[in-house]
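# Architecture at a glance
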Amino acid sequence: PAPTPEPGAIPPPDIVRAAYAELVVTDPAASREFYVDLLGLVVTHEDEDTVYLRAFEEYLHHSLVLRRGDGAALAALAYRVRSPGEVDAAERYYRALGVPVERRAAGATRGIGPAVRVLDPLGFPLEFFYEAEHVPRLHQDYDLHGAGAIARLDHFNIVVPDVARAERYYRALGFRVTEDIRGADDTLYASWLHRKDTVHDIALTGGDGPRLHHIAFSTHERGQVLHVCDLLGARRRSAHIERGPGRHGVSNAFYVYVRDPDLHRVEIYTTDYYTGDPDHPVLSWDVRDNQRRDWWGNPVVPSWYAEASTVLDLNGKPQPVFAREENHEAEVTVGADGFSFARDTSPQVGSPS
Ligand SMILES: O=S(=O)(O)c1ccc(O)c(O)c1
Ligand SMILES: [Fe+2]
């Protein structure tokens, strides 16, 4: 079981939201072209090995760092905490869990203040910070926005072998579950948890892990998601589109997934829903419901279930991946994509009567 502290032993850090990801990329110039020229993110700072990117609504230095390395991987998922003291709280909490913990001086990552990096019990390199350099917010610089203007980073999605264990760990960190996908035998296939008042800051996808499934950016409107797709088509780069566009069942968000030059997966996502009241109810889906992952019942491409990014430890070493022991979602559903039934019981078009 995940080493979670006795309730009330050491309080977890007060986490505000998912704030930035640091990805290792093998060709920063190719990655820059993808994230800037195709997705439209803004360069806050760059040197020959590193590019610091942000979206138009963001005033912190960056929400994505691309750093040159030999192998594509996740170097860190960073959460913003509510005050400088909560960085110390993060250090105390994770030292009590007995996992690797490193203090980082201001500037260890350009634009970020004093921070703590940990290798968490799930095997993910997490960073907790408060202070960060403010840079101009471009939310009304409409002359700089493309028609697909990305507003902000929204969430991380990680692949973990044991979703229930991971969910316990994140709930102990103060995250609250908004939606999940369960089997008839109560197997937990996926779970979405939040700190900010949207559907999630972190999503847990059952599979061989630790691996990074995707990072997601939000736009304000569905048309902006569609423009990203149209722009990729216009540039003859449609091969970057992996899944969608479509409407999610879980979260109700409109989405598309693209793969970057290193095959890191990025979701462009919009119009999920408010989750800020204390009694916000959990929405549970049946794994056999073929509208759970796409509200229109469109198939989930196999690569979306199977492929994910390698995760590094605090010394930059790729983490071993452990096989999921429970059922894999892609295998428990039947039919074209493994779907078995829609939410209603109307006869399936084209299915044998
Ligand atoms: O495919 S799902 O509807 O389960 C889904 C919902 C929200 C997400 O952010 C996501 O990546 C996937
Ligand atoms: Fe997502």
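Our structure's up above, just so we're on the same page.
From a predicted model like this one, the values you see are computed outputs, not experimental measurements.

To continue, consider the side chain of His 214. Its location among the elements puts His 214 in strand β13 (residues 211–218). Among the polar contacts made by the side chain of His 214, one reaches the side chain of His 155 at a distance of 3.3 Å. There is a polar contact of 2.9 Å between the side chain of His 214 and the side chain of Glu 267. Once you skip the residues sitting within four places of it in the chain, His 214 turns out to touch His 155, Phe 156, Asn 157, Tyr 257, Arg 265, Val 266 and Glu 267.

The subject of this paragraph is the packing of aromatic side chains. Following the criterion strictly, the structure yields 15 aromatic pairs and no others. Judged by centre distance (5.4 Å) and plane angle (75°), the ring pair of Tyr 93 and Tyr 94 falls under edge-to-face. Residue classification places Tyr 93 among the buried residues on the basis of a relative accessible area of 1%. Judged by centre distance (4.9 Å) and plane angle (70°), the ring pair of Tyr 169 and Tyr 170 falls under edge-to-face. Look at Tyr 170 and you get buried, because its relative accessible area is 0%. Among the aromatic residues, those joined into a cluster by ring pairs are Tyr 79, Tyr 93, Tyr 94, Phe 128, Phe 156, Tyr 169, Tyr 170 and Phe 175.

Per the counting criterion, the structure on display carries 25 salt bridges. One salt bridge in this structure joins Glu 307 and Arg 259, with 2.9 Å as the shortest N-O distance. Of this pair, Glu 307 sits in the loop between α5 (302–306) and α6 (329–332) while Arg 259 sits in strand β15 (residues 254–259), placing them 48 residues apart in sequence. Under the relative-accessibility criterion, Glu 307 is labelled partly exposed at 34%. For Glu 329, the salt bridge identified is with Arg 292, shortest N-O distance 2.8 Å.

Coordination sphere of the iron ion (ligand 2), protein contribution only: His 155 (NE2), His 214 (NE2) and Glu 267 (OE), at 1.9 to 2.1 Å. The motif formed by the donor residues of the iron ion (ligand 2), counted along the single chain, is H-x58-H-x52-E. Placement of the pair is His 155 in strand β9 (residues 152–160) and Glu 267 in strand β16 (residues 265–270), with a sequence separation of 112 residues. Overall, His 155 belongs to the buried group, its relative accessible area being 1%.

Pairing in this open sheet of nine strands is mixed, and the strands run β14-β15-β16-β13-β9-β12-β11-β10-β17 from one edge to the other. In this open sheet, the two strands that pair with only one neighbour each are β14 (241–247) and β17 (283–286). Here the average twist between neighbouring strands, direction ignored, is 15°. The pairing of β15 with β16 spans six bridges and is antiparallel. Counted as the bridge partner of Phe 254 is Thr 270 from β16. Contacting β14, β15 and β16, helix α4 (residues 222–234) runs over the sheet at an angle of about 30° to β15.

Taken together, 14 residues lie near ligand 1, and His 155, His 200, His 214, Tyr 257 and Arg 293 sit nearest. In this structure, His 248 approaches ligand 1 through a side-chain N or O atom, which is 3.0 Å from an oxygen atom. At a separation of 2.4 Å, an oxygen atom of ligand 1 approaches a polar side-chain atom of Tyr 257. Coverage of ligand 1 by the protein chains reaches 100% of its 320 Å² of free accessible surface. Across the shell around ligand 1, the residue classes tally to four nonpolar, six polar and four charged.

Calculation rules
Residues numbered from 1 in each chain as written. Chains lettered and ligands numbered in written order. Predicted model: local features only at pLDDT ≥ 70, side-chain atom pairs only at ≥ 80, totals over all residues. Heavy atoms only, no water. Helix = DSSP H or I, 4+ residues; strand = E, 2+ residues; numbered from the N terminus. Polar contact = N/O pair within 3.5 Å; in protein donor to acceptor, adjacent residues only side chain to side chain. Contact = heavy atoms within 4.5 Å. Phe/Tyr/Trp six-rings, centres within 6.5 Å; stacked < 30°, edge-to-face > 60°. Buried < 20%, exposed > 50% of the residue type's maximum accessible area, 1.4 Å probe, protein only. Salt bridge = Lys/Arg side-chain N within 4 Å of Asp/Glu carboxyl O. Donors = N, O, S within 2.8 Å, 3.2 Å for Na, K, Ca; no water. Pairing = 2+ DSSP bridges. Axes fitted to C-alpha atoms, helices over the stretch in contact; angles between N-to-C directions. Near = heavy atom within 4 Å. Areas by Shrake-Rupley, 256 points an atom, 1.4 Å probe, with all protein chains shown as cover. Nonpolar A, V, L, I, M, F, W, Y, C, P; charged D, E, K, R; others polar.

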